[in-house]
Amino acid sequence: MAETIGEPEIRLEMLSRPRLLAAARSMVGSVAQRLGFNEVQCGQISLAVDEALCNIINHGYDRRADGRIWLSIFAIEDEPGGIEILIEDLARQVDPCTIQGRDLDDIRPGGLGVYIIREIMNSVEFACRPEGGMSLSMV
């Protein structure tokens with residue numbers, strides 16, 4: 001995983017509850033705008049975060065509403081408009097090598113979150129956290 005330097009601009013702790021997703025999307029979009037991203041880019045970054053949070057809630061925590069999720073946003077100072085978003089949880093660990101988007105030829109509802117995240121963001125790294133759970137770094 002990419003080494004984050006310094007303190008996050010914002011760190012949000014939330015429960016694994018779908019009703020909180022809109023607030024997380026709004027916050028991420030607002031911060032991205034302040035860091036220099038245009039309206040379309042802000043929407044795409046917010047979508048990537050939403051997909052990641054949905055995957056944590058649905059798959060990592062099996063839709064349990066009491067799971068903890070931490071979302072941190074870092075400004076990348078040496079890259080104009082650069083942003084790193086780090087999402088961490090205490091959910092079930094999976095081998096990061098197995099986290100893949102499904103084939104687009106497999107036409108059916110759902111299952112495109114990882115594909116969408118990888119298409120939107122420049123860098124996407126999943127890792128197991130030593131203290132349990134997973135982390136996702138998106139640049």
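Residues numbered from 1 in each chain as written. Predicted model: local features only at pLDDT ≥ 70, side-chain atom pairs only at ≥ 80, totals over all residues. Heavy atoms only, no water.

On to the confidence of the model for the chain. For the chain, mean pLDDT is 88; residues scoring 70 or higher make up 86% of the total. Here helix α3 (residues 113–120) is the element of the chain with the lowest mean pLDDT, 90, and strand β5 (residues 134–138) is the one with the highest, 97. (pLDDT = per-residue confidence, 0-100. Helix = DSSP H or I, 4+ residues; strand = E, 2+ residues; numbered from the N terminus.)

Attention now goes to the pairing of strand β4 (residues 124–128). In the case of a regular strand, side chains alternate between the two sheet surfaces. Both β4 and β5 contribute to a ladder of five bridges, which runs antiparallel. If you follow Cys-128 over to β5, its bridge partner there is Met-134. Linkage of β4 to β5, two consecutive antiparallel strands, is achieved through a turn of five residues, within which Gly-132 is found at a positive phi near 110°. (Pairing = 2+ DSSP bridges.)

It is worth spelling out the sheet that holds strand β3 (residues 82–89) at this point. Spatial strand order, β1-β2-β3-β5-β4: five strands in an open sheet with antiparallel pairing. The open sheet has two free edges, formed respectively by β1 (10–15) and β4, since each of these has just one partner strand. The average angle at which neighbouring strand axes cross in this sheet is 15°, direction not considered. Where strand β2 (residues 68–76) lies against β3, eight bridges are found, and the strand directions are antiparallel. The residue of β3 that forms the bridge with Ala-75 is Ile-83. Lying on the sheet, helix α2 (residues 39–60) is in contact with β1, β2, β3 and β5; it crosses β3 at an angle near 10°. (Axes fitted to C-alpha atoms, helices over the stretch in contact; angles between N-to-C directions. Contact = heavy atoms within 4.5 Å.)

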